[in-house]
Amino acid sequence: MRPFLASLALVALQSPLLAETAERDRFDGAGRIVILDESHKLHVVAPSGKLLASPASIAIRQGNSAARFISGRFIVSGYDAEARAFVRIHDALDLAFPEIAAFKGHARASLNDAGTRIALTGDGKDNTTIEIADVAKPETRVKVWPAQGERALLGESAWCGPDRFAFTAHLVGSKKGSSDLYVWEQGAVKKVTDGLYVSQISVSPDGARLLAVRSESLATLECTVDLLTFSSGEWKTVAKAGQTRPEQVAWSADGKRFALAEETGLRICPVSGEAGEVIAAGRCGGATWSPDGRRLAYTKLSKGYMLEGVIRDLEGIKTANLGTTVCADGGCVLAFASLLWSPDGTAVAFERGVKSNGDDPRVRESHRETWVCAPDGSGAFRLREGATVLLGWLPAK
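Rules and cut-offs
Residues numbered from 1 in each chain as written. Predicted model: local features only at pLDDT ≥ 70, side-chain atom pairs only at ≥ 80, totals over all residues. Heavy atoms only, no water. Helix = DSSP H or I, 4+ residues; strand = E, 2+ residues; numbered from the N terminus. Buried < 20%, exposed > 50% of the residue type's maximum accessible area, 1.4 Å probe, protein only. Contact = heavy atoms within 4.5 Å. Areas by Shrake-Rupley, 256 points an atom, 1.4 Å probe, with all protein chains shown as cover. Phe/Tyr/Trp six-rings, centres within 6.5 Å; stacked < 30°, edge-to-face > 60°. Lys NZ or Arg CZ within 6 Å of the ring centre and 35° of its normal. Core = buried A, V, L, I, M, F, W, Y, C linked by side-chain atoms within 4.5 Å.

Attention now goes to the overall build of the protein. The helix and strand tally for the protein stands at two helices and 32 strands. The burial tally for the protein puts 49% of its 397 residues in the buried class. Expressed as a percentage of contacts within the protein between residues at least 6 apart in sequence, the contacts between residues at least 24 apart total 39%. By element, 51% of the accessible surface of the protein is carried by carbon and sulfur atoms, the whole surface being about 19,100 Å².

Attention now goes to the packing of aromatic side chains. Overall, the coordinates contain nine aromatic pairs when judged by the stated rule. Consider the rings of Phe74 and Phe97, whose centres lie 5.6 Å apart with planes at 70°: the pair is edge-to-face. One end of the pair, Phe74, is in strand S5 (residues 73–79); the other, Phe97, is in the loop between strand S6 (85–91) and strand S7 (99–104), with 23 residues separating them in the sequence. Across from the ring centre of Phe230, 4.3 Å away, lies the NZ or CZ of Arg164, which sits over that ring.

Glancing now at the nonpolar core. Nonpolar side chains tend to gather and get buried jointly when the protein is soluble and globular. Core analysis: the biggest nonpolar cluster contains 15 residues, and Val34, Leu42, Ile58, Phe69, Phe74, Phe97 and Leu391 have the highest contact counts within it. Of all elements in the fold, only strand S1 (32–37), strand S2 (42–45), S5 and strand S32 (388–394) reach the threshold of two or more residues within this core. Setting aside chain neighbours within four positions, we find Phe74 in contact with Leu42, Ile58, Ile60, Ala67, Arg68, Phe69, Arg88, Ile89, His90, Ala92, Phe97 and Leu391.

Quick look at the structure:
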């Protein structure tokens, strides 16, 4: 081939690649993505796929560890090789992920948004106690619940601002089928409900209010979604559930609406208590709002075993399907939380299942990959080669 023609052929081959690279590079301002590879090694990656760091100080054991991000902090909890419970906090804004604090004897933890206090639950044998400590002074940890001689089973928990912690629990010996709401504040625990079953709690972005799914008992399917305002202590019913117990309640960033996921569909409800709008039929979950409140990402179960990733434009009434993955157990919708918005809302990272043995839709995926797309679901591309687990986003430097 003549040099001139060879140059034209090279340009023709390079042009799509350059265009794809430019398309991927435009997401780099959205933040940084943290993933685990198939060897359970941690990596910090730019949305374009460029490797930024691989902190060697993080050890995550398969099946025995949980990892999550809160306000620039990376929390790893679980059990070590000798089955000892631990919680470790790392500074995720430093690419070396240096350790800030460590706590032994507990396998679960919840950090407040300010990153100043931590609630430790689970003592390595069961999930029955709550201890609270200042992150800067781990030695300050004190047991706050239950009282001496009492036994309890803990359920949901969440921080409501820097100095208020809410949780649900069943005290052994109390009403059968109950799981009441408790609030720790100013050094004391207060019982907020009496003899009810609280199955879901969700705290408003400002920490001043809480949504709770409540029913008379575990055996009662008739539920309401009730709003608690902490300053007044008043409750208000803002939605009634269908014939099944809701599986998720998720606040919008402005605190004016919430997404209500049920087996029968997904609703958007005003916190004012007005009638909500059904935006999807069927069993949905994993709902996450875009920072501007315009879009909602969620998963939907179809055909009994297919899990679809969806982004819904609530203003333009448009939907984008991010692909499907096989789910042998329909319950995985409850735990599917891999549709994650970037801190600035300009990109979405999500997991997509990959099958290695044919096109049979009933065959479960062999592994998962991390993908990135625009807020409207367009331009999706694979972040990196190979199996990865999506852990979360960090702000762009």
